[in-house]
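If you want the building blocks of each chain, they are given just below.
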Amino acid sequence: MSKRIAMVTGGIGGLGTAICRALAAAGRTVIAVDLDSRADRLAAFRTEVNGLDIHFAAADVSDHASCGALVRGIEDTHGSLAILVNNAGITRDSTLRKMSRGQWDEVLDVNLGSAFNLCAHAIGPMQARGFGRVVNISSVSGQTGNFGQANYAAAKAGLLGFSMSLAREVAGKGITVNSVSPGYIETAMTAAMPAEVLARICASIPAGRIGQPGDIARTVAFLSHDDAGYITGANIPVNGGLFMAA
Ligand code: NAD
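A few points on the structure. These numbers come from a predicted model, not from an experiment.

About the criteria used
Residues numbered from 1 in each chain as written. Predicted model: local features only at pLDDT ≥ 70, side-chain atom pairs only at ≥ 80, totals over all residues. Heavy atoms only, no water. Buried < 20%, exposed > 50% of the residue type's maximum accessible area, 1.4 Å probe, protein only. Helix = DSSP H or I, 4+ residues; strand = E, 2+ residues; numbered from the N terminus. Pairing = 2+ DSSP bridges. Near = heavy atom within 4 Å. Polar contact = N/O pair within 3.5 Å; in protein donor to acceptor, adjacent residues only side chain to side chain. Areas by Shrake-Rupley, 256 points an atom, 1.4 Å probe, with all protein chains shown as cover. Nonpolar A, V, L, I, M, F, W, Y, C, P; charged D, E, K, R; others polar. Axes fitted to C-alpha atoms, helices over the stretch in contact; angles between N-to-C directions. Contact = heavy atoms within 4.5 Å. Parallel < 35°, antiparallel > 145°, perpendicular 65-115°, else oblique. Left-handed = near helix turned anticlockwise from the far one by under 90°. Phe/Tyr/Trp six-rings, centres within 6.5 Å; stacked < 30°, edge-to-face > 60°. Lys NZ or Arg CZ within 6 Å of the ring centre and 35° of its normal. Core = buried A, V, L, I, M, F, W, Y, C linked by side-chain atoms within 4.5 Å. Right-handed = clockwise from strand over helix to strand, strands pointing away.

Re the pairing of strand 4 (residues 81-86)
Consecutive side chains of a regular strand alternate in pointing toward one face of the sheet and then the other. By the criterion of burial, strand 4 is predominantly enclosed, with six of the six residues buried. Pairing geometry for strand 1 (residues 5-9) and strand 4, over four bridges, is parallel. Residue pairing in the sheet places methionine 7 in a bridge with leucine 84 of strand 4. In the sheet, strand 4 pairs with strand 5 (residues 132-137) via four bridges, with the strands oriented parallel.

Below you can see the structure in the form of structure tokens.
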């Protein structure tokens, strides 16, 4: 069987890079999709993944038409898209009273709209081929809410409902759709948080530490494995025990 093709959105970011590496290590051909506006980060990414079967494609995944062109371009260049990891995300934190309509729209469009945009274009061909793995990166904030994150928590909770609904629609066609909800992971996103806030959060994590990108990447590799075909519509929390639910 030829190598399965995987797309990782937000692929040059902190978690995205780790996910790309884990999927490449699992024998996938990986396409990291990200904005091409971050030249320094893109150059560093190319060095970090040098020699691996990881490629870069530029796209704004909040744009529906661009996502169609992206999926077609990847299928033309690399082959059938089998694994889609919707990982691109942004925060625009603010209490609701100060939140602008723009801050709301931007966060919903990137974190949730992108999953619709890409699944809308990728699911049909996956159904026709009878195989697919979709993994949506949500957040513990989508499970518990978070002060100053009404937009982000709404988008991440929306991803959970989106994943379960799509999972039901395509389960009979060999496609699984699951979510991963990271807690606090050591990336640029958490490095931007005030140190005292992060220290307080770490003290409340039962595992006693912040998570590492590899903790998320290994979970994505597991869910996207051919042998994980009976797991669908699930949300896997990877949060060191910060939030537990039956
Ligand atoms: P990051 O900022 O390092 O990476 C996000 C990537 O998404 C960036 O490379 C960015 O350029 C890309 N991106 C943003 N808008 C885009 C767009 N319109 N089109 C294409 N790419 C776009 O952040 P991260 O910490 O690696 O987070 C990855 C995902 O994990 C996000 O969805 C985030 O919400 C989620 N998450 C992260 C944490 C954490 O602790 N780091 C916790 C919970 C959830």
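Examining the site of the ligand
As a structural note, the neighbourhood of the ligand is formed by 28 residues, with Leu15, Asp34, Arg38, Tyr152 and Thr187 the closest of them. In this structure, glycine 14 approaches the ligand through a main-chain N or O atom, which is 2.9 Å from an oxygen atom. A distance of 2.8 Å is found between a nitrogen atom of the ligand and a side-chain nitrogen or oxygen belonging to threonine 187. Within the complex, the protein chains bury 93% of what would otherwise be the 830 Å² of accessible surface of the ligand. Contributing elements (two or more residues each) for the shell around the ligand: helix 1 (14-25), helix 6 (150-170) and helix 7 (188-191). Its residues assigned to classes, the shell around the ligand comprises 14 nonpolar, 10 polar and four charged.

Notes on the sheet that holds strand 4
On the basis of which strands lie adjacent, the open sheet formed by seven strands has the order 3-2-1-4-5-6-7 and parallel pairing. Looking at the sheet topology across the chains shown, the edges are occupied by strand 3 (54-58) and strand 7 (235-238). On average, each strand axis in the sheet is tilted by 20 degrees relative to the strand beside it, whichever way the strands run. With respect to the sheet, helix 3 (residues 64-77) is in contact with strand 1, strand 2 (29-34), strand 3 and strand 4, its orientation differing from that of strand 1 by roughly 150 degrees. Strands in contact with helix 6 are strand 5, strand 6 (175-182) and strand 7; relative to strand 6, the strand with the most contacts, it is inclined by about 160 degrees.

A short note on the packing of helix 4 (residues 101-129) against helix 6
Put simply, helix 4 and helix 6 touch, their axes get as near as 8 Å, and they point 15 degrees apart. By the criterion of interaxial angle, the relationship of helix 4 to helix 6 is roughly parallel. When you trace helix 4 past helix 6, the crossing you get is right-handed. Together, Gln103, Trp104, Val107, Leu108, Asn111, Leu112, Ala115, Phe116, Cys119, Ile123 and Gln127 of helix 4 and Ala150, Asn151, Tyr152, Ala154, Ala155, Lys156, Gly158, Leu159, Phe162, Leu166, Glu169 and Val170 of helix 6 make up the contact between the two elements. Here the contact of helix 4 with helix 6 is built from residues that sort into 16 nonpolar, five polar and two charged.

Considerations on the packing of aromatic side chains
Scanning the model with the defined rule gives zero aromatic pairs in all. Lying over the aromatic face of phenylalanine 131, arginine 4 brings its terminal NZ or CZ to 3.6 Å of the ring centre.

Thoughts on the nonpolar core
Within the largest apolar cluster, 31 residues are counted, with the highest numbers of intra-cluster contacts made by Ile19, Leu23, Val85, Ile137, Val180, Ile216 and Val220. Those elements that provide at least two residues to this core are strand 1, helix 1, strand 2, helix 2 (39-48), strand 3, strand 4, strand 5 and helix 9 (213-223). Tallying contributions element by element places helix 1 first for this core, with seven residues. Excluding its chain neighbours within four sequence positions, the residues that come into contact with isoleucine 216 are Leu15, Ile137, Val180, Pro182, Ile185 and Val238.

Some remarks on the pairing of strand 2
With six of six residues buried, strand 2 lies mostly within the body of the structure. Side chains Thr29, Ile31 and Val33 of strand 2 all project onto a buried face; the interleaved residues Val30, Ala32 and Asp34 project onto the opposite face, where all are buried too. Two elements, strand 1 and strand 2, share five bridges in a ladder whose sense is parallel. Residue pairing for strand 2: methionine 7 is matched across the bridge by isoleucine 31. Where strand 2 meets strand 3, five bridges bridge the pair, whose relative direction is parallel. In the sheet register, isoleucine 31 faces strand 3, and the bridge partner there is histidine 55. A crossover connection joins strand 2 to the parallel strand 3 through helix 2; in handedness this β-α-β unit is right-handed.

Worth remembering: the numbers are spatial, not functional.
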